[in-house]
4 protein chains.
Amino acid sequence: MRDSEATRERILEAAEELFAAKGFYETAMDEIVKTAKISKGGVYFHFPSKEKLFFALLDRLAEKLQRAVETAIAQRHGALAKIEGALEAVLKTLAGKRRLAQILLRQGYGLGPDFERKRLEIYSRFAQVIQKHLDEAVAEGSIESINTELTAYAWLGALNELVTRWIYTGTPDPLKESLPALTRLFLSSIGAALKDPHPAPSPPP
Amino acid sequence: MRDSEATRERILEAAEELFAAKGFYETAMDEIVKTAKISKGGVYFHFPSKEKLFFALLDRLAEKLQRAVETAIAQRHGALAKIEGALEAVLKTLAGKRRLAQILLRQGYGLGPDFERKRLEIYSRFAQVIQKHLDEAVAEGSIESINTELTAYAWLGALNELVTRWIYTGTPDPLKESLPALTRLFLSSIGAALKDPHPAPSPPP
Amino acid sequence: MRDSEATRERILEAAEELFAAKGFYETAMDEIVKTAKISKGGVYFHFPSKEKLFFALLDRLAEKLQRAVETAIAQRHGALAKIEGALEAVLKTLAGKRRLAQILLRQGYGLGPDFERKRLEIYSRFAQVIQKHLDEAVAEGSIESINTELTAYAWLGALNELVTRWIYTGTPDPLKESLPALTRLFLSSIGAALKDPHPAPSPPP
Amino acid sequence: MRDSEATRERILEAAEELFAAKGFYETAMDEIVKTAKISKGGVYFHFPSKEKLFFALLDRLAEKLQRAVETAIAQRHGALAKIEGALEAVLKTLAGKRRLAQILLRQGYGLGPDFERKRLEIYSRFAQVIQKHLDEAVAEGSIESINTELTAYAWLGALNELVTRWIYTGTPDPLKESLPALTRLFLSSIGAALKDPHPAPSPPP
DNA sequence: TATGAATGAGATTTCATTCAT
DNA sequence: CATGAATGAAATCTCATTCAT
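Being a predicted model, the structure only gives us computed values, none of them experimental.

Student: Summarise the overall build of chain A; cite the residues concerned and give the values.
Tutor: Secondary structure summary: chain A contains nine helices and zero strands in total. When the helices and strands of chain A are read in sequence order from the N terminus, they spell out α-α-α-α-α-α-α-α-α. Looking at chain A as a whole, 52% of its 205 residues are labelled buried.

Rendered as structure tokens:
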């Protein structure tokens with residue numbers, strides 16, 4: 001049982017590496033088999049098909065990201081602060097894990113309806129988290145009433161595009177350079193102002 | 001000579017239809033051949049490979065969209081108004097041409113580095129148009145100074161995600177429902193207000 | 001494991017038969033697949049390409065012939081006798097194995113530079129055996145000093161042409177008729193006399 | 001009519017260049033068309049098929065070589081001298097025309113029975129010339145009675161192999177280095193001695 | 001005579017998946 | 001649980017040849 005899980009993990013690890021680098025179609029099962037140092041039959045024992053393996057990977061990565069976001073959110077108070085925290089968590093996590101970002105944001109597109117459906121499902125989960133906190137911010141009176149669903153997806157798409165550019169072109173640096181600008185952009189878009197993230201040290205009494 | 005161009009057109013037409021519906025990898029050259037009512041060799045006479053055919057298609061569609069945007073922009077005056085016009089033009093064009101939108105926004109992702117490079121190149125063209133007008137708006141004093149490049153890509157990404165959802169889920173309706181909300185979102189994000197097309201009842205004096 | 005080797009053998013057998021009869025280009029992988037009673041993928045599991053399969057075959061046949069020659073040489077004593085023995089062994093082996101001869105001597109010509117390189121490599125191996133024994137004969141004083149390298153290749157070429165004619169025209173019969181004449185020709189060419197295996201009636205005193 | 005012949009010549013020239021460099025199968029009609037700066041239909045107007053074009057080329061080249069040989073032979077007197085002259089002529093001609101040699105000696109092998117038949121036919125023509133003069137030498141009493149047919153083909157084969165090596169490996173230089181050794185080898189093989197090719201100037205009376 | 005777009009059969013190769021061991 | 005040889009459908013691409021202009 002323990003061994004089996006380790007094998008499964010090795011397969012997912014190999015698949016992550018290869019899918020991230022070359023995409024779903026350009027990655028052959030043979031390569032995964034070789035990279036994971038397992039046999040063909042071994043892979044098919046753990047995953048019934050290449051597609052299912054890809055989906056399992058997607059779920060795993062989405063969960064990872066979701067956990068990072070949830071942790072960040074839990075540590076802050078106030079809807080707007082939570083939103084800022086989530087944004088920061090997403091960028092930090094994706095910036096640190098190129099492979100994760102590549103698969104979650106770019107792979108699985110244009111691979112036919114099944115893949116698209118899966119991607120929409122994953123994005124929905126994130127969109128709902130964002131939307132929930134936006135709704136709370138509205139309820140709190142922190143921001144004006146807006147179309148929170150549309151806003152959530154717009155943010156997701158913007159993030160996706162920008163992270164993709166970081167991945168492929170290397171610029172601008174996600175955290176140091178863009179995070180404040182992006183946060184400001186997002187908050188502006190809902191009519192809120194950025195709480196000074198680096199407040200000057202208050203003078204001693 | 002005239003006929004030759006017609007054949008080329010027929011191939012592109014068939015490719016557009018099939019790639020949009022099933023994606024690059026799930027579309028076989030045989031199907032394009034059958035749909036275009038041409039022979040296999042005929043396709044390869046006009047396009048040296050499946051990939052090159054796909055890229056030619058991408059270019060053609062990008063041009064179409066670009067022309068629509070440019071026309072819309074030319075008819076308006078003032079940077080902000082041009083931006084609103086472009087947004088409307090993009091949404092109108094994409095909403096009316098599902099296939100165009102699908103290929104430009106969703107296909108060609110996760111198909112390996114070559115495809116991604118092509119996509120980045122096309123998006124750059126649009127981003128530059130947006131950025132140029134944002135820069136003008138800043139210069140005019142219509143909006144505050146912001147990171148216009150980041151904003152341009154963020155908008156593109158947001159548009160992409162929202163249009164994708166329209167395509168796959170059918171809701172919300174791009175023009176009637178979302179255009180005002182989206183325009184407001186975008187303009188808010190740069191600290192500008194929507195020129196009230198649907199004036200709210202004016203408050204009592 | 002054992003079975004795998006048998007399959008490989010079956011493929012080589014089929015390839016030998018077909019390449020010999022029709023040449024490299026005129027033989028389709030489909031035919032090899034059918035003849036070997038294996039699947040297409042099966043062939044490609046054992047040989048990465050048609051060309052590699054052909055080369056593997058060439059090596060195998062060259063080895064076979066080389067073994068026959070070496071055995072014949074080992075059984076004789078004296079450089080000249082060894083040369084005669086080798087000649088006889090080559091003719092006997094090739095005469096008995098038309099397919100082997102056809103592939104080794106005629107196929108793989110005019111198939112492009114890669115093929116020619118391979119052929120030159122194989123011929124070199126044989127030329128070196130001949131040359132070595134010619135050098136020994138010179139050292140022994142059995143024959144005068146000559147350009148042994150050139151002689152080795154000349155003999156190979158002569159053999160090639162004659163065997164080819166036997167193969168295609170059926171005449172003259174390689175062993176019964178030509179062996180003595182050819183041996184005499186070769187030995188004459190290096191200034192040595194045939195050790196009379198068929199003594200002419202001795203002249204009257 | 002005049003133009004037509006020039007076109008035909010251009011096609012043959014292009015075909016010669018390409019077939020020599022890459023072989024029959026590796027040369028596409030498209031390449032010939034491009035090199036000859038003519039259209040597809042143009043080639044097919046002059047030659048009914050690729051195979052026929054190749055054969056026409058073979059014939060043309062064989063004729064060229066034959067003429068060189070015949071000229072050389074006509075200038076000498078005595079069967080043995082004629083043989084020496086022919087040998088020299090062949091080597092000189094082939095050494096000066098790599099492409100000619102490549103096609104005549106190496107291309108058209110292993111391309112299936114039709115090609116082999118053609119090659120045998122061409123070689124026969126040369127063999128007959130050699131044999132005729134060998135027979136004359138025997139009749140003259142210049143050499144002992146031998147199997148002249150076998151000898152003719154053996155020589156042809158030897159020449160073929162050696163010229164091939166010159167072509168592909170560049171060594172040894174055909175004329176300067178090998179001609180004397182080869183001539184000696186050939187003459188030895190029929191029991192004749194080389195007539196000093198560079199006689200010391202006879203002293204004045 | 002010449003053009004070149006079009007044909008279409010056929011070639012090699014790939015690869016997800018299976019299954020006897 | 002794991003192995004890896006084998007399958008076979010399908011994919012992309014080639015290329016000699018034709019024919020309307």
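Student: Could you give an account of the relation of the copies chain D and chain C, with specific residues and numbers?
Tutor: At an RMSD of 0.1 Å, chain D and chain C line up after a rotation of 180° and a shift of 0.0 Å along the axis. What the rotation and shift describe, once combined, is the action of a two-fold rotation axis. No C-alpha of chain D lies nearer the rotation axis than that of Ser189(D), which sits 1.8 Å from it. A shared interface surface links the copies, since 100% of the contact residues of chain D are contact residues in chain C too.

Student: Any chance you could break down the protein's contact with DNA strand F for me, citing the residues and the numbers?
Tutor: Not every one of the 35 residues close to DNA strand F is listed here, only the nearest: Ser4(A), Lys40(B), Thr7(C), Phe45(C) and His46(C). Ser39(C) places a main-chain nitrogen or oxygen 2.8 Å from a phosphate oxygen of DNA strand F. For DNA strand F, a phosphate oxygen lies 2.9 Å from a polar atom in the side chain of Lys50(D). At the level of secondary structure, the elements contributing two or more residues to the surface near DNA strand F comprise helix H1 (2–22) and helix H3 (40–46) of chain A, helix H2 (29–36) and helix H3 (40–46) of chain B, helix H1 (2–22) and helix H3 (40–46) of chain C together with helix H3 (40–46) of chain D. Split into classes, the residues belonging to the surface near DNA strand F amount to 11 nonpolar, 17 polar and seven charged.

Student: Just give me the short version of the interface of chain D and chain C, but keep the residues and values in it.
Tutor: Residue-level contacts link 40 residues of chain D with 40 residues of chain C. At the surface where chain D touches chain C, the tally comes to two salt bridges. Between Arg119(D) and Glu161(C) there is a salt bridge, with its nearest N and O atoms 3.4 Å apart. Applying the counting criterion to the chain D and chain C interface returns 10 residue pairs in polar contact (both at pLDDT 80 or more). Looking at the side of chain D that touches chain C, the elements with two or more residues in it are helix H1 (2–26), helix H7 (113–140), helix H8 (148–169) and helix H9 (174–189) of chain D. Ranked by residues supplied to the side of chain D that touches chain C, first place goes to H8(D) with 12 residues. The residue makeup of the side of chain D that touches chain C, split by class, is 18 nonpolar, 14 polar and eight charged.

Student: Outline the packing of aromatic side chains, listing residues and values.
Tutor: Applying the stated rule across the entire model yields 32 aromatic pairs over all chains. Here Phe24(B) and Tyr25(B) contribute two aromatic rings whose centre-to-centre distance is 5.2 Å and whose plane-to-plane angle is 90°, an arrangement assigned as edge-to-face. Seen in terms of ring centroids, Phe19(D) and Phe54(D) are 5.1 Å apart; in terms of plane orientation they differ by 90°. Their pairing is edge-to-face. Remark: Phe54(D) occurs in helix H4 (residues 50–74) and Phe19(D) occurs in helix H1; sequence separation between them is 35 residues. Of the two residues, Phe19(D) and Phe54(D), both sit in the buried class. Here the aromatic residues Phe19(C), Phe24(C), Tyr25(C), Phe54(C), Phe55(C), Phe115(C), Phe19(D), Phe24(D), Tyr25(D), Phe54(D), Phe55(D) and Phe115(D) are joined through ring pairs into a cluster of three or more. Seen from the ring of Tyr123(A), Arg119(A) lies directly overhead, with NZ or CZ sitting 4.3 Å from the centre. Taking NZ or CZ as reference, Lys50(C) lies 4.5 Å from the ring centre of Phe24(C), over its face.

Student: Please give an account of the protein's contact with DNA strand E that cites residues and values.
Tutor: Taken together, 34 residues lie around DNA strand E, and Thr7(B), Phe45(B), His46(B), Lys40(C) and Lys50(C) are the ones closest in. Counting only atoms of DNA strand E within 4 Å of the protein, the sugar-phosphate share comes to 57%. Within the side chain of Lys40(A), one N or O atom sits 2.8 Å away from a base oxygen of DNA strand E. Those elements that provide at least two residues to the surface near DNA strand E are H3 of chain A, helix H1 (2–22) and H3 of chain B, H3 of chain C together with H1 and H3 of chain D.

Student: Before we move on, can you summarise the confidence of the model for chain A with the specific residues and values?
Tutor: Residue and element names in this part refer to chain A. Residue-level pLDDT values for chain A average 83, and 86% of them are 70 or greater. Across chain A, the element-wise mean pLDDT spans from 71 in helix H6 (residues 98–106) up to 96 in helix H2 (residues 29–36). Throughout residues 196–205 the model reports pLDDT below 50, and contacts reaching past four residues in sequence, or to other chains, amount to zero contacts.

Student: Account for the interface of chain B and chain A, naming residues and giving values.
Tutor: Contacts between chain B and chain A engage 39 residues on the former and 40 residues on the latter. For the pair chain B and chain A, the two sides together bury roughly 3300 Å², of which 63% comes from carbon and sulfur. When residues of chain B are sorted by the area they lose upon contact with chain A, Leu150(B), Arg165(B) and Leu185(B) head the list and together hold 18% of the total. Taken together, the links from chain B to chain A amount to two salt bridges. At the boundary of chain B and chain A, one finds 10 residue pairs in polar contact (both at pLDDT 80 or more). At the level of elements, H1, helix H7 (113–140), helix H8 (148–169) and helix H9 (174–189) of chain B are the ones that each hand at least two residues to the side of chain B that touches chain A. A total of 11 residues in the side of chain B that touches chain A trace back to one element, the largest contributor, which is H8(B). Of the residues belonging to the side of chain B that touches chain A, the class tally is 18 nonpolar, 13 polar and eight charged.

Student: A description of the pattern of salt bridges should follow, citing residues and the corresponding values.
Tutor: Residues and elements named next belong to chain A. Counted by the stated rule, this structure contains 50 salt bridges over all chains. Ionic pairing is found between Glu161 and Arg165, a salt bridge with its closest N-O pair at 3.7 Å. Residue Glu161 and its partner Arg165 are located together in helix H8 (residues 148–169), separated by four residues, close to a single helical turn. As far as the burial class goes, Glu161 and Arg165 line up, both buried.

Student: Pulling in residues and values, what's your account of the packing of helix H7 (residues 113–140) of chain A against H8(B)?
Tutor: Running from amino to carboxyl end, H7(A) crosses H8(B) at an angle of 125°, the nearest separation of the two axes being 12 Å. With respect to each other, H7(A) and H8(B) are oriented oblique. As H7(A) packs across H8(B), the resulting crossing turns out to be left-handed. In this structure, H7(A) uses Glu116(A), Arg119(A), Leu120(A), Tyr123(A) and Ser124(A) to contact H8(B), whose residues at the interface are Glu161(B), Thr164(B), Arg165(B) and Tyr168(B). Residues that form the contact of H7(A) with H8(B) fall into these classes: three nonpolar, two polar and four charged.

Student: How would you explain the environment of Asp59(D) if you had to name every residue and give the values?
Tutor: Residue and element names in this part refer to chain D. Note that Asp59 resides in helix H4. The class for Asp59 is partly exposed, based on a relative accessible area of 25%. Spatially, the C-alpha atoms of Asp59 and Arg119 are 9.8 Å apart, while their sequence positions differ by 60 residues. The contact partners of Asp59, leaving out residues within four places of it in the chain, are Lys118, Glu121, Ile122 and Arg125.

Student: Could you give an account of the domain arrangement of chain A, naming the residues involved and the relevant values?
Tutor: Residues and elements named next belong to chain A. By domain assignment, chain A separates into domain 1 (1–47) and domain 2 (55–189). The C-alpha-based centres of domain 1 and domain 2 are spaced at 28 Å. Each partner contributes to the interface: domain 1 provides 13 residues, whereas domain 2 provides 11 residues. Between domain 1 and domain 2, a total of about 1100 Å² is buried, with carbon and sulfur atoms accounting for 59% of that surface. Counting the surface domain 1 buries against domain 2, the share from its top three residues, Leu12, Glu16 and Ala20, is 50%.

Student: Please provide a residue-by-residue account of unusual backbone geometry, values included.
Tutor: For Lys37(C), which is not glycine, the phi torsion reads 50° and is therefore positive. Take Lys37(C): it is sitting in the loop between helix H2 (29–36) and H3.

Student: Provide a residue-level description of the side chain of Glu16(B), including the pertinent values.
Tutor: Residue and element names in this part refer to chain B. Within the secondary structure layout, Glu16 lies in helix H1. Residue Glu16 is classed as buried on the basis of its relative accessible area of 6%. Within the structure, the side chain of Glu16 is placed 3.2 Å from the side chain of Arg60, a separation counted as a polar contact. If near-sequence neighbours (up to four positions away) are discounted, Glu16 is found in contact with Leu57, Arg60, Leu61, Arg99, Leu100 and Ile103.

Student: So what's going on with the environment of Ala158(A)? Residues and values would help.
Tutor: Relative to the helices and strands, Ala158(A) is located in helix H8. In this structure Ala158(A) comes out as buried when scored by relative accessible area, which is 2%. As a C-alpha pair, Ala158(A) and Gly23(A) span 135 residues in sequence and 22 Å in three-dimensional space. Ignoring sequence-local partners within four residues, the contact set of Ala158(A) consists of Phe186(A), Ala154(B), Gly157(B) and Ala158(B).

Definitions and cut-offs
Residues numbered from 1 in each chain as written. Chains lettered and ligands numbered in written order. Predicted model: local features only at pLDDT ≥ 70, side-chain atom pairs only at ≥ 80, totals over all residues. Heavy atoms only, no water. Helix = DSSP H or I, 4+ residues; strand = E, 2+ residues; numbered from the N terminus. Buried < 20%, exposed > 50% of the residue type's maximum accessible area, 1.4 Å probe, protein only. Least-squares fit on C-alpha atoms with pLDDT ≥ 70 in both. Contact = heavy atoms within 4.5 Å. Near = heavy atom within 4 Å. Polar contact = N/O pair within 3.5 Å; in protein donor to acceptor, adjacent residues only side chain to side chain. Nonpolar A, V, L, I, M, F, W, Y, C, P; charged D, E, K, R; others polar. Salt bridge = Lys/Arg side-chain N within 4 Å of Asp/Glu carboxyl O. Phe/Tyr/Trp six-rings, centres within 6.5 Å; stacked < 30°, edge-to-face > 60°. Lys NZ or Arg CZ within 6 Å of the ring centre and 35° of its normal. pLDDT = per-residue confidence, 0-100. Buried area = accessible area lost by both parts, 1.4 Å probe. Axes fitted to C-alpha atoms, helices over the stretch in contact; angles between N-to-C directions. Parallel < 35°, antiparallel > 145°, perpendicular 65-115°, else oblique. Left-handed = near helix turned anticlockwise from the far one by under 90°. Domains from an automatic or database assignment.

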